[in-house]
Amino acid sequence: MNANAMPLLPLMLLSLLLYLSFANGVHCYQEKKVLSLQRFQWKQQSSTPSCLSWKSRRENGATILEMKHRDYCSGKIIDWNKKLQKRLILDDVHVRSLQSRMKNMAHIDEDASKTQIPLTSGLKLGILNYIVTVGFGGRNMTVIMDTGSDLTWVQCQPCKLCYDQQEPLFNPSASPSYQSVLCNSTTCQSLQFATGNLGVCGSNQPTCDYVVNYGDGSYTRGELAREHLNLGTTPVNNFIFGCGRSNKGLFGGASGLMGLGRSELSVISQTSGLFGGVFSYCLPSTESGESSGFCGMEAERIDGRTANQLRPLACSHNILNRAHGSASWSQGDTKVLAAVYGPKAGTKKNENPEKACIEIIWKPKTGQIGKLEKEYEMILKRTLQSICVLTINPNTTTSVIVQVVNDDGALLPCAINAACAALVDAGIPLKHLAVAICCCLTESEYVMLDPTKLEEQKMKALAYLVFPNSILSVLPEGALKVKGEPMEHGIITSVTQGAMSVDNYLNCLERGRAASAKMSAFLRRSLQPQIPGDSSKAG
């Protein structure tokens with residue numbers, strides 16, 4: 001629903017329904033009403049009804065299409081009393097399930113999610129809507145929560161025509177993070193879809209002026225701007241909002257309105273990179289001013305993780321007796337075993353005899369190696385060649401055998417991590433450690449780390465990223481000075497699958513780099529006994 005089509009009405013009707021029908025508290029399900037099934041019975045048909053023909057008629061210039069219930073069209077003799085009783089029983093089970101979930105949500109610990117904002121009734125401000133408190137430029141502002149409109153706005157100083165609000169007006173001149181949006185920008189042009197009105201240039205300066213007209217006659221007018229927003233303790237930089245200079249309508253004593261619609265200017269869209277365009281809310285009763293629900297904006301995955309949360313990591317080394325080095329790496333249910341043999345004299349065909357050669361042998365969990373596995377071999381070889389000091393043991397070959405134990409997503413990064421740990425266990429000279437991670441992009445362009453197999457199948461794009469860890473050297477003494485083998489900085493390997501914009505890719509890099517620091521610390525702890533450059537295992 002756009003701003004011109006009564007965006008405030010859905011929540012007002014919902015709040016009125018809760019007020020009339022529900023008991024005190026967040027759960028709102030104690031009062032019951034007995035309804036007679038006679039009110040819901042359909043008339044029995046003397047003959048089998050025909051639903052194959054489409055019947056329509058025109059009234060007052062409008063075309064009306066006849067609709068019939070699917071049971072009405074089944075042609076079977078139905079006991080409507082039993083049918084309706086069964087459906088009411090199923091509805092009751094559904095309602096009880098929702099009530100049970102609401103009980104659990106109502107007792108969530110405050111620290112369980114930093115993105116849960118208390119949501120309360122707006123009766124204390126003279127409105128039937130629900131309100132939340134957010135931070136604008138370091139100032140707390142209480143605004144109406146509206147799922148039917150898009151633009152978030154607050155009343156600003158100086159104000160030409162403002163209604164009375166309980167809190168002081170927002171003062172843009174007192175906020176160092178406040179920035180006006182120019183009228184010739186694409187952001188200003190997006191106002192037409194978000195509000196139904198074009199953004200226009202201000203009279204005194206090239207700012208973007210907005211107008212939002214609501215279905216009940218309320219309106220807000222002002223200029224579009226950017227400001228630092230705080231949703232609970234979660235910061236949102238450069239948040240686009242309306243600085244209202246002329247506002248009138250049924251807003252009670254609230255400082256403005258928070259738009260939770262679908263356009264790119266809504267809170268949901270502007271925070272999609274953080275929360276994936278997903279939010280939830282639990283509405284409290286309007287009868288008690290002390291009861292509180294919440295507006296949650298933390299998107300959880302099927303396994304309960306957040307977008308940046310990795311699955312549990314596990315690493316073991318020196319697990320195979322006959323190998324010169326070995327290690328296993330697990331991320332959740334994905335597990336890979338790597339074994340290192342060598343270095344052995346001689347290099348493979350088409351390899352440079354003046355440098356050491358790395359050979360990768362990929363063994364799938366079942367079946368024969370295919371095209372994808374051969375591609376993994378190539379990526380793994382190039383990655384390991386970039387972290388190994390190839391000039392120390394020239395004209396030798398080191399074989400790395402990768403055995404897939406189980407694949408539940410992010411298989412290639414797990415294999416790279418296992419191989420890196422096995423090289424350390426074998427005492428192969430390395431310039432630095434490396435950690436790999438998988439970053440994926442959903443269809444709604446939401447970035448997630450370390451996907452499961454099921455999540456990978458639903459993704460728009462994937463990025464396999466390998467980052468160096470130069471803090472902890474695993475080189476023998478003096479090896480850092482080897483010519484032609486510079487330390488790596490930034491990123492070692494980047495492989496993408498699917499379509500991904502530059503901004504999304506940079507977002508993946510940022511998220512992946514942050515997660516790689518934790519993985520590097522875990523890898524160092526796992527390999528600590530092997531760090532002092534002991535090459536006694538190498539043949």
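Residues numbered from 1 in each chain as written. Predicted model: local features only at pLDDT ≥ 70, side-chain atom pairs only at ≥ 80, totals over all residues. Heavy atoms only, no water.

A. Inspection of the nonpolar core at higher detail. Grouped together as the largest cluster of nonpolar side chains are 69 residues, with contacts concentrated most on W362 and L384. A per-element tally of this core places helix α8 (residues 411-426) first, with 13 residues. Not counting residues within four places of it along the chain, the set of residues in contact with L384 comprises I358, I360, V400, A419 and L423. The next biggest cluster of nonpolar side chains, apart from the first, holds 27 residues, and it includes V143, M145, Y178 and L260. (Core = buried A, V, L, I, M, F, W, Y, C linked by side-chain atoms within 4.5 Å. Buried < 20%, exposed > 50% of the residue type's maximum accessible area, 1.4 Å probe, protein only. Helix = DSSP H or I, 4+ residues; strand = E, 2+ residues; numbered from the N terminus. Contact = heavy atoms within 4.5 Å.)

B. Quick peek at the packing of aromatic side chains. Under the criterion given, the structure shown has eleven aromatic pairs. With a centroid separation of 6.4 Å and an interplanar angle of 50 degrees, the aromatic rings of F170 and Y178 are classed as tilted. F170 gets classed as buried once you look at its relative accessible area, which sits at 1%. Within the aromatic cluster, the residues linked to one another by ring pairs are F136, F170, Y178, F239 and F241. (Phe/Tyr/Trp six-rings, centres within 6.5 Å; stacked < 30°, edge-to-face > 60°.)

C. View of the sheet that holds strand β20 (residues 433-441). Taken in spatial order, the four strands line up as β21-β20-β22-β23 in an open sheet, and their pairing is antiparallel. The sheet is open, and its two edges are formed by β21 (447-449) and β23 (493-498), each paired on a single side. If you compare each strand with its neighbour and ignore which way they point, the axes differ by 25 degrees on average. As judged from the nine bridges shared by β20 and strand β22 (residues 461-469), these two strands associate in the antiparallel manner. Paired with C439 across the bridge in β22 is A463. On the sheet, helix α10 (residues 502-527) packs against β20, β21, β22 and β23 and is oriented at approximately 140 degrees with respect to β20. (Pairing = 2+ DSSP bridges. Axes fitted to C-alpha atoms, helices over the stretch in contact; angles between N-to-C directions.)

D. Spatial organisation of the sheet that holds strand β19 (residues 396-406). Ordered in space as β15-β16-β17-β19-β18, the five strands form an open sheet in which the pairing is mixed. Of all the strands in the sheet, the pair left with one neighbour each is β15 (313-317) and β18 (357-363). Going from strand to strand, the sheet's axes swing by 15 degrees on average, the running direction of each strand aside. Note that strand β17 (residues 334-345) and β19 share nine bridges and pair antiparallel. Opposite A339, over in β19, you have I401 as the bridge partner. Against the sheet, α8 engages β15, β16 (325-331), β17, β18 and β19, with an angle of about 150 degrees to β16. Packing of α10 onto the sheet brings it into contact with β15 and β16, and relative to β15 it is tilted by some 30 degrees.

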